[in-house]
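What follows is the residue order along each chain.
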Amino acid sequence: MSALPDAEKLCSELAERIRPHLTPNTAMIGLYTGGAWLAERLHALLALPEPLGLMDIAFYRDDYHKQGLHHDPKRTKIPFGVEGRDLLLVDDVLYTGRTVRAAMNELFDYGRPACISLAVLADRGGRQLPICAQHVGAKVEVPAGMRLRMKRSDSGALSLELEVE
Amino acid sequence: MNNPQLTASGALQHLLSVEGLPREILVQILDTAESFCGVTEREVKKVPLLRGKSVFNLFFEPSTRTRTTFEIAAKRLSADVINLNIAASSQTKGESLLDTVANLSAMQADLFIVRHAQAGAPHLIARHVKPHEHVINAGDGRHAHPTQGLLDLYTIRHYKKDFNGLTVAVVGDILHSRVARSLIHGLSILGVPEVRVIGPQTLMPARVEALGVRVFHDMRAGLKDCDVVVMLRLQNERMRGTLLPSAQEFNKHYGLTAEKLALAKSNAIVMHPGPMNRGVEIDSSVADGPHSVILPQVTFGIAVRMAVMSIIAGN
């Protein structure tokens, strides 16, 4: 198993990959919790004019009937009009694609965006839905039975870590 | 004794009373309601959580506000809502409560919202429903009205941010009030240091101090330095007995006027579960005044009921 990439370095690289694709119409939305941390960083690095949107997809998850409602859902805050916007969704790790599907479902309850693209720090494969990211920090292989998560230290530094599922 | 509201793993299975709920569950409901407030402010006020679920509003007692807010909450969760007009249905033909419920269960009910004049009726139903069915008490006799208590707690937290250091007064007919009972239990679970009850001796339950409250019969003394004033509805039917001389007399001693409210803190909020009797327990100048949060209470009630239903139906 190779070492996990440096999340701080990936974050800067990801920002530069996104930069050429920005339009005056772009607005960013981070998905709680890891995606919100990453989005805060990307939003600052890219100096986007619109304030950052934050989204918790707890009310749109497809496993509610099996798992129940997640504890402590955060309040979704989208401080700009979604209608006709070029949206950039940000999450830390892309895996099954179910979170992104739920996020898109929630977004359409706010309006009809012109387009949605997805930026993730790490893509670990294992998709269960036809969803892909346009901007990827790195592809990361994750051993079976493990979960890849992004952490944020007290000082605000980002890191990738493996946990037992 | 096991708690009939909780599953074996401690999750909320039914909501029958605030009394006996762990603090974490109360906080979980309030936090979840806060997120639902975001949903109720946007263009499409609906989330798909309860798609395909059937919610039965079983109101054996009249109610407009509570039934309507439950109905709106269920619809905003994408559930199918069936309102039963019990007064005009089988119960008047002699069907028992449990037979009514068994029949609705055979129609694939998932959630029963129950209001009943008899204290304990929702508990009785909860003991007999199938494992996947849930019961929410929407007011039973003088016993409990937990979603009203929760929305009152939500309102207090919204305006006061924190329960620490608060003084809360509940004023009026404490004896007959399931709203007061649910709120007092909730305030005590969440650690509010001072809860006062204000009212005439005839409208105070026996041994009310056992709930951890301070009792005042003089409203002016009781209101002094309060952060929150909760007025209760004086039910007209109480006037017929010997409990009270008249509505005017009650208003004179226990009606909330601007002059009496001035004894509370300058940033005090005034709450009322509705429906209000203007000029009896509350003056219009207060009900419509800057301290009143009576209409926001109604709006928060929808988000709180969405939170309760979505937590319960997922467990």
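Residues numbered from 1 in each chain as written. Chains lettered and ligands numbered in written order. Predicted model: local features only at pLDDT ≥ 70, side-chain atom pairs only at ≥ 80, totals over all residues. Heavy atoms only, no water.

Draft legend 1. Examining the environment of glycine 97 of chain A more closely. Residue and element names in this part refer to chain A. Tracing the sequence through the fold places glycine 97 in the loop between β3 (86-94) and α4 (98-108). Sequence separation between glycine 97 and histidine 135 is 38 residues; the distance between their C-alpha atoms is 15 Å. What glycine 97 contacts, discounting residues up to four positions off in sequence, is Arg127, Leu129 and Ile131. (Helix = DSSP H or I, 4+ residues; strand = E, 2+ residues; numbered from the N terminus. Contact = heavy atoms within 4.5 Å.)

Draft legend 2. Up close: the confidence of the model for chain B. Here chain B shows a mean pLDDT of 93. Residues at 70 or above account for 96%. What the predictor reports for the complex is a pTM of 0.93 with an ipTM of 0.87. (pLDDT = per-residue confidence, 0-100.)

Draft legend 3. Expanded view of the packing of aromatic side chains. Per the stated rule, a full pass over the model turns up five aromatic pairs over all chains. On the basis of an interplanar angle of 45° and a centroid distance of 6.2 Å, the ring pair of phenylalanine 56 of chain B and phenylalanine 112 of chain B is categorised as tilted. On the criterion of sequence distance, the pair formed by phenylalanine 56 of chain B in strand β1 (residues 54-59) and phenylalanine 112 of chain B in strand β3 (residues 111-116) is long-range, its members being 56 residues apart. Each member of the pair, phenylalanine 56 of chain B together with phenylalanine 112 of chain B, is buried. Between tyrosine 159 of chain B and phenylalanine 300 of chain B, the aromatic rings sit 6.4 Å apart at their centres with planes inclined by 55°, giving tilted as the arrangement. With tyrosine 159 of chain B in helix α5 (residues 146-160) and phenylalanine 300 of chain B in helix α11 (residues 294-314), this pair connects stretches of sequence that are 141 residues apart. Of note, arginine 124 of chain A hangs over the ring of tyrosine 95 of chain A, and the distance from its end group to the ring centre comes to 3.6 Å. (Phe/Tyr/Trp six-rings, centres within 6.5 Å; stacked < 30°, edge-to-face > 60°. Buried < 20%, exposed > 50% of the residue type's maximum accessible area, 1.4 Å probe, protein only. Lys NZ or Arg CZ within 6 Å of the ring centre and 35° of its normal.)

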